[in-house]
Amino acid sequence: MRYHRGRAYYVNSNDWKIVRVVDLDPSIKMAEEDSAFVKDYVIPEDRRTRFIDVSNPDAKLSVRYYNNTAYYMDSSFRIVRTVRLTR
């Protein structure tokens, strides 16, 4: 999973093909060049550094987003880790 300009992108790590896109902050306007980042699009190598890696090191944790922050939570919704997602 990667984050860029208000959206979470689920990306295949082998070929950088976008599998799923989730709008997290609709107040952030997409630049015209960013509008191409949709499901099944392959992110070009020269644009990959724009995306913040939000890896999930533990499959028992879920990742939820609020106010440009990723919250890693256990099954009881206890926050285990936070990652600020601004650039």
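Small disclaimer: the values here were computed from a predicted structure and weren't measured.

Cut-offs used in this document
Residues numbered from 1 in each chain as written. Predicted model: local features only at pLDDT ≥ 70, side-chain atom pairs only at ≥ 80, totals over all residues. Heavy atoms only, no water. Salt bridge = Lys/Arg side-chain N within 4 Å of Asp/Glu carboxyl O. Helix = DSSP H or I, 4+ residues; strand = E, 2+ residues; numbered from the N terminus. Buried < 20%, exposed > 50% of the residue type's maximum accessible area, 1.4 Å probe, protein only. Pairing = 2+ DSSP bridges. Axes fitted to C-alpha atoms, helices over the stretch in contact; angles between N-to-C directions.

Mind showing me how you'd approach the pattern of salt bridges here?
A side chain with one charge can pair with a side chain of the opposite charge if their charged atoms come near. Inspection of the entire model under this criterion finds six salt bridges. A salt bridge links arginine 50 to glutamate 33, with the shortest nitrogen-to-oxygen separation between them at 3.0 Å. Linking arginine 50 in the loop between strand E3 (18–23) and strand E4 (52–53) with glutamate 33 in the loop between E3 and E4, this pair joins segments that are 17 residues apart in sequence. Glutamate 33 gets classed as partly exposed once you look at its relative accessible area, which sits at 40%. A salt bridge links aspartate 74 to arginine 78, with the shortest nitrogen-to-oxygen separation between them at 3.1 Å. Residue class for aspartate 74 comes out buried when judged on its relative accessible area of 17%. In the salt-bridge network here, residues are joined through shared partners; they are Arg5, Glu33, Asp34 and Arg50.

Is there a simple way to explain the sheet that holds strand E6 (residues 69–73) in this structure?
Strand pairing in a sheet is mediated by backbone hydrogen bonds. Such pairs are either parallel or antiparallel. Spatial strand order, E5-E6-E7: three strands in an open sheet with antiparallel pairing. Because the sheet does not close on itself, it has two edges, and the strands there are strand E5 (62–66) and strand E7 (79–84). Taking the axes of each pair of neighbouring strands and ignoring which way they run, one obtains an average angle of 25° across the sheet. By the bridge criterion, five bridges tie E5 to E6 in an arrangement that is antiparallel. When the sheet's bridge partners are listed, valine 63 is paired in E6 with tyrosine 72.

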